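Residue-level listing of the chains:
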Amino acid sequence: MAESTKPILEISELWVTFPAYRAEAIHALKGIDLRIDQGEFVGLVGESGSGKTTLARAVMGFVPPPGRVERGRVLFNGRDLSHLDDDARRAVLGRELAMVIANPRAELNPVIPVGRQISNVAYYHLGMRRAETDRLALNMLRAVRIPDPERRFNAYPHDLSGGMAQRVAIAMALICSPKLVISDDATSGLDVTVQAQVLDLLQRMVGEKGAAALFITRDIAITAHFCSRIAIIYAGEIVELAETAAFFERPAHPYSIMLLAAFSHSPALRARWTRVPSDGETATTGGCTFAPRCVRRQNRCVVEAPTLRQLTGGRRVRCHFPVESDTA
Amino acid sequence: MLLRYIARRILYVIPQLFGIILVSFLLVKLIPGDPAVMMLGPTASEQSLAALRDKMGYSKPLWQQFTYYIGAAVHGDFGSSWQTTRPVTEDLLQRFPATLELVTFGLLAAIAIGFPLGVAAARLQSGPVHKFAGYYRLVAGAIPDFWLALVLIFVFYTRLGWSAPPLGRIDMAVAPPKTITGSLVIDSLIVGDVGALSSSFGHLVLPVLTLGIVNAGPILKMTQITMTRAFSSEFVRYAEMFGLPRRVVLRQAVRAALPAVVTIISVLYGFLIGGAVLVEIVFSWGGAGQYAVQGVLNADVNPVLGFVVFSAVLSLIIYLVVDLIYFALDPRTRG
Amino acid sequence: MSSVARSGLVPPTVPRAPKGSEARFQRLRFFFAILRARPSFAVGYGIVATVAIIALLAPWLAPYGPVTADPSVYLLPPGGNHLLGTDGTGMDIFSRVLFAPRIDLAIAIVGTFVSATIGGGLGALVGYYEGQQTWRRAVSTMVMRSADVLQAFPVFVFAIALVAVFGQSVKSIILAVAFVNTPIYLRLMRIQVRSIRQLRYVEAAYVAGASDLAILRRHVIPNSIAPLVAQLSVNIGWSVLLTAGLSFVGAGVVAPTPEWGSMVAMGFQNVVTGQWWPSVFPGIALCITVVGFGLVGESLEVLLDPERRHVLSGSLR
């Protein structure tokens, strides 16, 4: 890992909290550390509620109220986006940093043709004339392999299918050749065949432009495809961070193994790595948050929360008893 | 496809129109008061009264009167008013432009007040503007328009002497301009008659202000609600995520909120045609609403019927135009 | 339990739901907390209560009788013996302003309730039956078309015509108010019933063999009624304005019975010559009253909608 290139994204000790009405505040993110180098593809895998979307929004500087960043910071290309003034931030978003979201049809403006919406992103960021940005948008439509791009340019969001709307979202995100693309569950809700196509598309286009990507998903199998590194997130914490090949060869955290086991064809394997917590059993404060569901838990896990520590091969695991030898 | 839609709407309108005429006809026939007596006076002989009634067709059975009325109406003949002794059609054609001028300018004033306030209140979810908009909405809907008219007259005419006396649309000494659109102000502008322009404009100010202030309320409310919804809607957040400049996002939000606002404006317009009556009366505007009210109070049947039909037709046309505008503004309705 | 709960992010306790009189007390406390948080609501309730009290206690609150005319003191400006001055026939304006709500409120409340009952009842029937293929559907369609026709009328002229037909009396004004307002409740109720009708527990009752009327009475109507109640208050305010307008043109309450609108009419000519008090004060009373009812209506809108109620309660304390 070359230290001389400045990372495109550097998250340090990020804590994001949501105050709750008459109850304890909810920590959506607890001490997240993550670094993405230029041109690197990093996958982030977690289940619903693990905090992955909050992380995506926090990177863009958009933590939805009433949540707020309690500690730590996010540096994009060396700058903290949440400290910039409104205009400066708008100049960065969409141009150097862009996000592709899932099911974008509801987020597209219903009364503006999609081609125009893609063109708008370029028009307001690149200072080109409208005719040029329209042409650029049309090229993007071709690049994302939308059938009949000339006609679809004037279509409205409600005219498009889910897969086509997704491609439009990708076109919008990539038209300014951003340095970092965040894909937030961008392929969930799509048919499996369409999913594969969209993934290929994303990988190709991001790679062609030399951009980095943070690929957030619930489906761990997707990341195997093209991420160089994988991070597993659970309950607001990163529990494992490793190079992809090493990870899939031997995952270390019990949760990671559980995730992978869920895909295996052996029910016995699945059962072996899944533990259903008994009624009313929750994580103790100060203990490991995964303990109730962990098949390898010991007494130490319940009282002492593990930190993210380095293992052999440069991977990091947040566990007292990670799986290091051949026990699978 | 568009023509088919218009044709379908017009077809749908005809039974509605029929229903309206039928109901108003029956209603109006129920109004007590013998027009024959009112025309000839209480000392008239029974013979002459009977002869007059016969002549006016009141002695025939109701359904015959109705068919006769419909038949004549289709040809544009709505009978005569015994008060003005002129055909209702003529009376209405003379008075409707006055009402339309008042209502149109009043509505424009209401939009000018209500729309910007609504947008501002939606953008700034708190603060003085938001609070003011809230109070305005409440109070504007509570003010009786005839009372506001009186207050404005008192302040601007009696005390300050700034505006013209509340009598009609133009000074009696000033000759009205040639009739082109029917609006005195616009016609004076077109013809270039400065005297008529300043006089008619001066007379227009107070009633328009009255209507504007009172009717800005619903416009404000609808604008605020739809704009708030637009601002917190997903596509606005999405546009923000792509770093589009603030004014562009604002424009897009307004565009998305426009259909609902246009709808309420049109509803108001239809309502005001009959609803501006009180203001017309206070300012002796000589409008159609005033005419109809006088008809009701004096058992003069034909003006009332004629007015109802005219205003119903106008309302239906307005709704049709608005639906077409909606079509143009919101592509989702075309799908 | 959700994975979120399992992961320890949310405390898993479920609050106990209170019952019976404890619930009522809780609700009352909640209501007052809302009033404290939203002073405008409190103002609304205050105004309505005040006007109601004035209407009831007018004979004891007013210094003079409602139609006591003393021609020797006509057109006195406010002050002295006559708090708000006297009008052209020497009647004390303050007393008349106090007596007026008796008529105005009575007409507005009765008229609105009649229209809500009839309109709501019809709307419920229409909303419930219009999905079916029987003759009931045809009747429903006819009712809706009639409502369309009714609403296409210029409201004010229609009201005047009704009063003219039925003769000028309080009863006919009430009728006019009711007529004009009925389509509103009809539509409101219809929309509500249509969406409630499709809910599972209504289907369940139907399958269980309950009669249509019982279903309507026990399940559908209680759940549809919330928006109508909120509308009632606003409507009452608007009906007061309508009554005042009718009286203003002379098609409403007959002078000299005190009514805010007719008082404004009586003072009309005086305003132009500079004596503003006979017309202005009744108008102010009108404004305040209608504002009060409007505020109450707004508060009901929030309180009766569970979602908005929760949002509001979340901002308390």
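Details of the structure are given in the entry above.
Residues numbered from 1 in each chain as written. Chains lettered and ligands numbered in written order. Predicted model: local features only at pLDDT ≥ 70, side-chain atom pairs only at ≥ 80, totals over all residues.

Explain the overall build of chain C to me, please; I cannot follow it from the model alone.
A tally of regular secondary structure across chain C gives 14 helices and zero strands. Taken from the N to the C terminus, the helices and strands of chain C come in the order α-α-α-α-α-α-α-α-α-α-α-α-α-α. Rg of the C-alpha trace for chain C: 25 Å, well past the compact-globule value of 20 Å for 317 residues, more than 25% over. For chain C, the proportion of its 317 residues judged to be buried stands at 45%. In chain C, of all internal contacts separated by at least 6 residues, the share reaching a separation of at least 24 is 66%. (Helix = DSSP H or I, 4+ residues; strand = E, 2+ residues; numbered from the N terminus. Rg over C-alpha atoms; globule rule 2.2 N^0.38 Å. Buried ≥ 20, exposed ≤ 12 C-beta atoms within 10 Å, placed from the backbone. Contact = placed C-beta atoms within 7 Å.)

What is the right way to read the overall build of chain B from this model?
The number of helices and strands found in chain B is 14 helices and two strands. Each principal axis of the C-alpha distribution contributes one length, and for chain B these read about 85 × 55 × 40 Å. Long-range contacts, defined as pairs at least 24 residues apart, comprise 71% of the intrachain contacts of chain B with a sequence gap of at least 6.

It is not clear to me how the nonpolar core should be interpreted in this structure. Could you clarify?
In summary, soluble globular proteins display a tendency toward joint burial of nonpolar side chains. Of all hydrophobic cores here, the largest spans 270 residues; its most connected members are Ile175 and Leu180 of chain A together with Val157 and Ile160 of chain C. Per-element accounting of this core gives the leading share, 18 residues, to helix 5 (residues 88-123) of chain B. Not counting residues up to four positions away in its chain, the partners in contact with Ile160 of chain C are Val293 and Val296 of chain B together with Leu246, Val249 and Ala251 of chain C. (Core = buried A, V, L, I, M, F, W, Y, C linked by C-beta atoms within 7 Å.)

What is the right way to read the environment of Leu241 of chain C from this model?
By the secondary structure assignment, Leu241 of chain C is in helix 10 (residues 226-249). For the pair Leu241 of chain C and Thr289 of chain C, spaced 48 residues apart in sequence, the C-alpha separation works out to 9.7 Å. Once residues lying within four places of it in the same chain are set aside, the contact partners of Leu241 of chain C are Pro144 of chain B together with Leu286 and Val290 of chain C.

Can you help me understand the interface of chain B and chain A in this one?
Interface size, as often reported, equals the accessible area lost upon joining of the parts. With 17 residues of chain B at the interface, the matching set in chain A holds 23 residues. Contributing elements (two or more residues each) for the side of chain B that touches chain A: helix 10 (234-241) and helix 11 (246-275) of chain B. Element by element, the count of residues in the side of chain B that touches chain A is highest for helix 10 of chain B, at five residues. Split into classes, the residues belonging to the side of chain B that touches chain A amount to 10 nonpolar, three polar and four charged. (Nonpolar A, V, L, I, M, F, W, Y, C, P; charged D, E, K, R; others polar.)

Can you help me understand the interface of chain B and chain C in this one?
Counting residues at the interface gives 39 residues for chain B and 36 residues for chain C. For the side of chain B that touches chain C, the elements supplying multiple residues, two or more each, are helix 1 (2-30), helix 6 (128-140), helix 7 (145-159), helix 11, helix 12 (277-282), helix 13 (288-297) and helix 14 (301-329) of chain B. Tallied by class, residues from the side of chain B that touches chain C come to 30 nonpolar, nine polar and no charged.

Would you mind showing me how to read the sheet that holds strand 11 (residues 308-310) of chain A here?
All names here are of chain A. One open sheet accounts for eight strands, arranged 6-7-8-3-9-10-12-11; its pairing is mixed. Two strands lie at the open edges of the sheet, namely strand 6 (97-101) and strand 11, each paired on one side alone. Across the sheet, the mean angle from the axis of one strand to that of its neighbour is 20 degrees, orientation sign disregarded. Pairing analysis gives four bridges linking strand 3 (residues 41-45) to strand 9 (residues 229-234), with the strands arranged parallel. Its bridge partner lying in strand 9, Val42 is registered against Arg229. Taken strand by strand, helix 1 (residues 52-60) contacts strand 3, strand 6, strand 7 (180-184), strand 8 (212-217) and strand 9, and its axis lies near 150 degrees from that of strand 7. (Pairing = 2+ DSSP bridges. Axes fitted to C-alpha atoms, helices over the stretch in contact; angles between N-to-C directions.)

Looking at this model, I keep getting lost on helix 6 (residues 162-174) of chain A. Mind explaining?
An α-helix turns once every 3.6 residues. As a result, residues three or four positions apart point the same way. Residues and elements named next belong to chain A. Its 13 residues place the ends of helix 6 18 Å apart at the C-alpha level, agreeing with the 18 Å of an ideal helix rising 1.5 Å per residue. Of all 13 residues making up helix 6, 11 are buried, and the element is well covered by its neighbours. Buried positions along helix 6 lie against strand 6, helix 3 (114-126), helix 4 (130-143), strand 7 and helix 7 (192-208). (Expected span 1.5 Å × (residues − 1).)

What am I meant to see in the pairing of strand 9 of chain A here?
On any regular strand, side chains alternate: one points to one face of the sheet, the next to the other face. Residue and element names in this part refer to chain A. The buried fraction of strand 9 amounts to six of the six residues, a majority that puts the element mostly inside the structure. Side chains of strand 9 alternate between two faces, with Arg229, Ala231 and Ile233 and Ile230, Ile232 and Tyr234 buried alike. As paired strands, strand 9 and strand 10 (residues 237-243) are joined by six bridges and run antiparallel to one another. Residue pairing in the sheet places Tyr234 in a bridge with Glu237 of strand 10.

Would you mind going over the packing of helix 4 (residues 93-129) of chain C against helix 13 (residues 277-304) of chain C with me for this structure?
When two helices pack together, their arrangement is captured by the angle between the axes and the distance separating the axes. Residue and element names in this part refer to chain C. The interhelical angle for the contact between helix 4 and helix 13, taken along N-to-C directions, is 30 degrees, at an axis separation of 10 Å. Between helix 4 and helix 13 the crossing geometry is right-handed. Contacts from Ile93, Val97, Ala100 and Pro101 in helix 4 reach Trp277, Pro278, Phe281, Pro282, Ala285 and Thr289 in helix 13. For the contact of helix 4 with helix 13, the class distribution of residues is nine nonpolar, one polar and no charged. (Left-handed = near helix turned anticlockwise from the far one by under 90°.)

Explanation requested: the sheet that holds strand 4 (residues 68-76) of chain A in the structure shown.
Residues and elements named next belong to chain A. A sheet is described by the order of its strands in space; here four strands give the open sequence 2-1-4-5, paired in antiparallel fashion. At either margin of the open sheet sits one strand with a lone partner, and together these are strand 2 (26-36) and strand 5 (79-80). Here strand 4 pairs with strand 5 via two bridges, running antiparallel. Bridge assignment links Phe76 to a residue of strand 5, and that residue is Arg79. Relative to strand 2, helix 1 is tilted by about 65 degrees, and along the sheet it contacts strand 1 (9-18), strand 2 and strand 4.

Read these as layout, nothing more, since geometry by itself doesn't imply function.
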